[in-house]
Amino acid sequence: MTDAVAPRVRFAPSPTGYFHVGSARAALFNWFFVRRWGGTLVLRIEDTDEARNRPEWTEGIISALAWLGMAPDEGPHFQSAQDEAHRAAIEALWEAGALYACACIREEIDARVKTRAAAGDPTPGYDGHCRDLGLARGEGRALRFRTPDEGSVRVDDLVRGEVDFPLRALEDFICVRGDGKPLFALANAVDDRTMTISHVIRGEDLLPTTPRQVLLWGALNRAEGRDLALPAYAHLPLLVNEQGKKLSKRRDPVAVELYREQGYLPDAFRNYLALLGWSPGDEEILPVSTLVERFRLDDVQKSPAFFDVKKLSHFNGVYIRALSVSEFIDATRPWVDPAPDEWAPGGWRDPDTDEPVVSPVPWAPARYDAARFGEVAAVTQERVTVLSEVPALVDFLFQEEAPIDETSWQKAIAGDEAAPAILAAALAAYAECPWDKDALHSVTLEIAEAAGRKLGKAQAPIRVAVMGRTAGLPLFDSLAVLGRDETRRRIEAALARLPPAA
RNA sequence: GGCCCCAUCGUCUAGAGGCCUAGGACACCACCCUCUCAAGGUGGCGACACGGGUUCGAAUCCCGUUGGGGCUGCCA
């Protein structure tokens, strides 16, 4: 911690793809840190790589942060808008002799590395070929940083402690591209300077680049005749997949948007993310205020963490059940009754199959009845782990016919010789009995006893005939809401579908 | 290959020398509850990578080995 000065931290993603859960975790720890100690979270969009940036990715970052309740205090600032500062820094560095122009191309460098290796010199990377050639700057010539050959750079990391990087293994890295555009190492350092960033909290994958930034920072101080304090660094453990490899956009489900579509609650998602590489202590599911209160960078884990969707889902179920029924109804609306002018699932497609990840609402919008949904909301709420599971549980209420699942039909009706008799008995009994949950329960219990089986077994054919599946909402609550006429009509339809008794 | 990081149940972690016959959570298994499915309850399975030190005493400190990972781009 910088003494008595409120920290300024930045979250600095590059808009080159969907918002990654690893980025979300980095953002969260930055957010925790400033909420805990007071300070400012700056959002900086690192968009210097024009070829890979797209405006919609920036939109995605901003909306995902807002969804997770961790909107920045400042920004977004765009790195591309810092052009002037970058140019000034390049000039200063050039004047100070910290940079030199390099005319080498990749193939030449690789060839020299190969030759060197064959001669028994394992030093990798650029060999300093142009370092003392005194080449002029010019189109196509990159600018390299003159790294010292001796000694080492020490990074004092808030989570990892002191890490030493020997300079002899650090090549003269490129700061400025042949077209004059600054590269990550430079732009990042310059922006941290102009934005007076006090703490850099980011993924461990950036740890190896830190010595370059430390070197650059010192060179900039000398070139500009200033003495800006280096930010404190904190490198967070990586998020990995089942194989222990860094989460990749290509093969792992890493897009935060994907989780939102499936109906993970932002609070649950955020709570789960907090536990990846950090622990609040005895309990895991805690209000965000408690998480903030307990958060300490020193307690952050050093080893990588596996992103476990099963545990996330468990958390989500707990959060869903903790909602009041009306909160649950509100939260579920985009999945059952999407409004055209509001966020709704369905925009996300599987990159491999191009299929929507969340199926469209299975009923005609006009058939949806909010009041009816309200009546089954409480029993639905207890049964889902993600909100996108809701439609399949309540579809029988809003479909014209019972949405019969074939496997269920085979198992509970076609494959059960007592099914026709039970259905017939139910059809008769349901014509007369009072239409409420308790009456339906006792009437059906009588049918079961007459058939000589337990209620659990006897209700199955009725459930499938009316609701379509062997598993689902409690039968009698469901029938009560569906209504006598529709229930009986569906039982009749099921009976009619059965082949005539032999 | 070079540089760097990491190492407690399958997974996320608690543990900052004695409180540890290592605690919790997820997952898994069994039982209970029960109109299905869930939820819930109870119980169970299950780990300090290995080898050396240091110490009266080590999961905790040091060294080594092994294993895993990251970086090594005119991407970030």
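For the structure itself, consult the block above.
Please read all numbers here as calculations on a predicted model, not as lab measurements. (Residues numbered from 1 in each chain as written. Chains lettered and ligands numbered in written order. Predicted model: local features only at pLDDT ≥ 70, side-chain atom pairs only at ≥ 80, totals over all residues. Heavy atoms only, no water.)

Caption draft 1: Inspection of the overall build of chain A at higher detail. Across its full length, chain A carries 19 helices and twelve strands. Computed over its C-alpha atoms, the radius of gyration of chain A comes to 31 Å, more than 25% above the 23 Å expected for a compact globule of 502 residues. Principal axes of the C-alpha set define a box for chain A whose edges measure 100 × 50 × 40 Å. Looking at chain A as a whole, 47% of its 502 residues are labelled buried. Of the roughly 23,900 Å² of accessible surface on chain A, a fraction of 52% belongs to carbon and sulfur atoms. Taken together, the 58 basic and 76 acidic charged side chains of chain A have centroids lying 4 Å from each other. (Helix = DSSP H or I, 4+ residues; strand = E, 2+ residues; numbered from the N terminus. Rg over C-alpha atoms; globule rule 2.2 N^0.38 Å. Buried < 20%, exposed > 50% of the residue type's maximum accessible area, 1.4 Å probe, protein only. Areas by Shrake-Rupley, 256 points an atom, 1.4 Å probe, with all protein chains shown as cover. Lys, Arg positive; Asp, Glu negative; His and termini not counted. Charge placed at Lys NZ, Arg CZ, Asp CG, Glu CD.)

Caption draft 2: Spatial organisation of helix H14 (residues 406-414). Buried within H14 are the following residues: Ser408, Trp409, Ala412 and Ile413. Buried residues of H14, seen end-on, are gathered within an arc of 100° and therefore sit on one face of the element. Within H14, the exposed residues directed more than 90 degrees away from the buried face are Thr407 and Lys411. At its buried positions, H14 is contacted by helix H15 (419-432), helix H17 (455-467) and helix H19 (484-497). (Arc of directions from axis to C-beta. Contact = heavy atoms within 4.5 Å.)

Caption draft 3: Seen up close, the pattern of salt bridges. Tallied over the full model, the rule gives 36 salt bridges. The salt bridge involving arginine 44 is made with glutamate 46; its shortest N-O contact spans 2.8 Å. Among the residues examined, glutamate 46 registers a relative accessible area of 6% and is labelled buried. Where arginine 469 meets aspartate 395, a salt bridge forms, and the shortest distance between an N and an O atom there is 2.9 Å. Linking arginine 469 in the loop between H17 and helix H18 (475-482) with aspartate 395 in helix H13 (residues 390-398), this pair joins segments that are 74 residues apart in sequence. You can call aspartate 395 buried: its relative accessible area is 5%. When salt bridges with common partners are traced through the structure, they connect Arg10, Arg44, Glu46, Asp191 and Asp192 into a single cluster. (Salt bridge = Lys/Arg side-chain N within 4 Å of Asp/Glu carboxyl O.)

Caption draft 4: Summary view of the environment of phenylalanine 328. Looking at the element boundaries, phenylalanine 328 is found in helix H11 (residues 325-336). The spacing of phenylalanine 328 and alanine 377 is 49 residues in sequence and 7.6 Å in space, taken between C-alpha atoms. With residues near it in sequence (within four places) discarded, phenylalanine 328 still touches Ile320, Leu323, Phe373, Ala377, Thr380, Gln381, Val384, Leu387 and Val390.

Caption draft 5: Quick peek at the side chain of aspartate 252. With respect to the helices and strands, the residue aspartate 252 is situated in the loop between strand S11 (239-240) and helix H7 (256-262). Looking at aspartate 252, its side chain comes within polar contact range of the side chain of asparagine 241, at 3.4 Å. Engagement of the side chain of aspartate 252 in a polar contact is seen with the backbone nitrogen of serine 248, the distance being 2.9 Å. Look past the residues within four positions of aspartate 252 in its chain and what remains in contact with it is Asn241, Lys246 and Leu247. (Polar contact = N/O pair within 3.5 Å; in protein donor to acceptor, adjacent residues only side chain to side chain.)

Caption draft 6: Focus on the packing of aromatic side chains. Taken as a whole and judged by the stated rule, the model has 24 aromatic pairs. Both rings, one in phenylalanine 32 and one in tryptophan 278, keep their centres 6.0 Å apart while their planes meet at 50°; by these two values the pair is tilted. Here tryptophan 278 lies in the loop between helix H8 (266-274) and helix H9 (288-294) and phenylalanine 32 lies in helix H1 (residues 21-37), a separation of 246 residues in the sequence. The two residues phenylalanine 32 and tryptophan 278 agree in class, both being buried. Ring plane angle 80° and centroid distance 5.6 Å describe the contact between tyrosine 272 and phenylalanine 307, whose orientation is recorded as edge-to-face. Residue tyrosine 272 is located in helix H8, and its partner phenylalanine 307 is located in the loop between strand S12 (305-306) and helix H10 (309-322); the two are separated by 35 residues in the primary sequence. Neither tyrosine 272 nor phenylalanine 307 differs from the other in exposure class; each is buried. Just above the ring of phenylalanine 29 sits the side chain of arginine 25; from NZ or CZ to the centre is 5.1 Å. (Phe/Tyr/Trp six-rings, centres within 6.5 Å; stacked < 30°, edge-to-face > 60°. Lys NZ or Arg CZ within 6 Å of the ring centre and 35° of its normal.)

Caption draft 7: Region of interest: the protein's contact with RNA strand B. Taken together, 63 residues lie near RNA strand B, and Asp49, Arg160, Gly178, Lys245 and Gly277 sit nearest. Backbone atoms, meaning sugar and phosphate, make up 74% of the atoms of RNA strand B lying within 4 Å of the protein. Here a phosphate oxygen of RNA strand B sits 2.6 Å away from a polar atom, N or O, in the side chain of lysine 246. Contact distances for RNA strand B include 3.4 Å between a phosphate oxygen and a side-chain N or O atom of histidine 441. Among the elements of the structure, strand S7 (161-166), S12, H10, H17 and H18 are those that each provide at least two residues to the surface near RNA strand B. Split into classes, the residues belonging to the surface near RNA strand B amount to 26 nonpolar, 16 polar and 21 charged. (Near = heavy atom within 4 Å. Nonpolar A, V, L, I, M, F, W, Y, C, P; charged D, E, K, R; others polar.)

Caption draft 8: Structural detail: helix H3 (residues 83-95). The end-to-end C-alpha distance of H3 is 18 Å, a good match for the 18 Å that 13 residues give at a rise of 1.5 Å each. Within the sequence span of H3, burial applies to His86, Ala89, Ile90, Ala92 and Leu93. Angular distribution of buried residues about the axis of H3 spans 165°; they occupy a single face of the element. Turned more than 90 degrees from where H3 packs its buried face, Glu84 and Glu95 sit exposed. Its buried side turned inward, H3 meets strand S4 (99-102), strand S5 (142-145), strand S8 (174-176), helix H5 (184-194) and helix H6 (210-224). Looking one or two residues beyond H3, the residue adopting positive phi is glycine 97, at roughly 80°. (Expected span 1.5 Å × (residues − 1).)

Caption draft 9: View of the packing of helix H16 (residues 437-451) against H18. Here H16 crosses H18 at 120°, and the two axes come no closer than 8 Å. The pairing of H16 with H18 is recorded here as oblique in orientation. Two packed elements cross with a definite hand, and for H16 against H18 that hand is right-handed. Contacts between H16 and H18 involve Lys437, Leu440, His441 and Thr444 from the former and Phe476, Asp477, Leu479 and Ala480 from the latter. Split by residue class, the contact of H16 with H18 holds four nonpolar, two polar and two charged. (Axes fitted to C-alpha atoms, helices over the stretch in contact; angles between N-to-C directions. Parallel < 35°, antiparallel > 145°, perpendicular 65-115°, else oblique. Left-handed = near helix turned anticlockwise from the far one by under 90°.)

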